[in-house]
Amino acid sequence: MSEPVVLVISECAETNPCKIINEIRNVPQEEKVCDVNGETGYKHSIKSKYYEIDVILYPFVGTNSLTDVSESFLETVEGVVIYFDPAKREFLEKLETYASFLEDRGIELGILLCQRVFDSEKDGITYKEAKQHSRLLDLIELSPDKPSEDEPQGGYDELHTALRNTIWSNISMNGSKKETKKSSEMNEKEIEDKLADFEKLLTQAVNFRANTTEMGRNERLLYAQQFADAFESIFGVESDEEDDDTTQSGASYKQLE
């Protein structure tokens, strides 16, 4: 299977994971379905400035155990989205298990999804509690309580942003034909400088998870954007400006150091 799998898990008996998948895809349920691990999976197209790919959203009921899933299937999993009811505090007991699963499998994308967390522990799960129990899972509220302009706005738009900013295994960057032409016009010194910057960028990519482990999701998204900007400045992806690329790439790379 070429497409990465995102497990969409519901820990809420009243909400079927297929409902969450329908909201994410926003297309008729019967479109772009496929067989995955003997069950129905749903392809979801992700398009950004840099790439366009499909991932497979796979419904998974929280009462099932991840340990019962075959290893060959687990190797295709690159993301986990968990819907939960914040009124049920017992869900906190499961967070460590999910966090361990992400860490053991090296999964970068881990999202906790709910309508809205509570302000007080006596009412239900709070944002602080969710983060205390798992630093590997980021929280998205579908119906946040009037966030300020500098705060995440929540909803499925925020989830789509997280999906676009994930480095998937099947990514193929856009703009390759244009960049091949530009590369042919550079002299040997310019090419060597580009390659040197690209090697530095590859080092950052390899160390991306380690460098962002202690960051919150918004900080990681900013870091990922800086990484994408550095890539663009080196290769001029989708850029029509005739700037000094070598100077730009060095400046963008320094943001990541």
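Keep in mind that this is a model prediction, so the values were computed, not measured. (Residues numbered from 1 in each chain as written. Predicted model: local features only at pLDDT ≥ 70, side-chain atom pairs only at ≥ 80, totals over all residues. Heavy atoms only, no water.)

Q: Explain empty space enclosed by the protein to me, using residue names and the numbers behind them.
A: This structure, assessed with the given rule, holds 1 cavity of 30 Å³ or more. In this structure, the largest cavity encloses a volume near 150 Å³. Along its surface, the largest cavity is lined by 14 residues, and E108, N165, T166, R220 and L221 are the ones closest to its centre. Listing elements by their share of the lining of the largest cavity, those giving two or more residues are β6 (109-114) and α9 (217-235). Among the elements that take part in the lining of the largest cavity, α9 stands out by supplying 4 residues, more than any other. (1 Å grid on protein atoms, 1.4 Å probe; cavity = no way out; pocket = protein on both sides within 12 Å on 5 of 7 lines; lining within 4 Å. Points joined across faces, edges and corners; volume = space filled by probe spheres on them. Helix = DSSP H or I, 4+ residues; strand = E, 2+ residues; numbered from the N terminus.)

Q: Before we move on, can you summarise the environment of R135 with the specific residues and values?
A: Examined against the element boundaries, R135 turns out to sit in the loop between α4 (127-133) and β7 (138-141). Taking the relative accessible area as the measure of exposure, R135 reaches 39% and is therefore partly exposed. (Buried < 20%, exposed > 50% of the residue type's maximum accessible area, 1.4 Å probe, protein only.)

Q: Can you lay out the packing of aromatic side chains for me, pointing to particular residues and giving the numbers?
A: Here a ring pair, both rings aromatic, is described through the centre-centre distance and the interplanar angle of the planes. On inspection of all chains with the given rule, the structure shows 2 aromatic pairs. Seen in terms of ring centroids, Y58 and F73 are 4.8 Å apart; in terms of plane orientation they differ by 55°. Their pairing is tilted. Pair noted here: Y58 is in strand β4 (residues 52-61) and F73 is in helix α2 (residues 71-74), with a separation of 15 residues, a long-range link. (Phe/Tyr/Trp six-rings, centres within 6.5 Å; stacked < 30°, edge-to-face > 60°.)

Q: Describe the packing of helix α1 (residues 17-25) against helix α5 (residues 155-164), naming the residues involved and giving the relevant values.
A: It is at 10 Å that the axes of α1 and α5 come closest, and there the two elements cross at 80°. Taken together, the axis directions place α1 and α5 in an arrangement best described as roughly perpendicular. The segment α1 lies against α5, with I20, E23 and I24 engaging Y156, L159, H160 and L163. For the contact of α1 with α5, the class distribution of residues is 5 nonpolar, 1 polar and 1 charged. (Axes fitted to C-alpha atoms, helices over the stretch in contact; angles between N-to-C directions. Parallel < 35°, antiparallel > 145°, perpendicular 65-115°, else oblique. Contact = heavy atoms within 4.5 Å. Nonpolar A, V, L, I, M, F, W, Y, C, P; charged D, E, K, R; others polar.)

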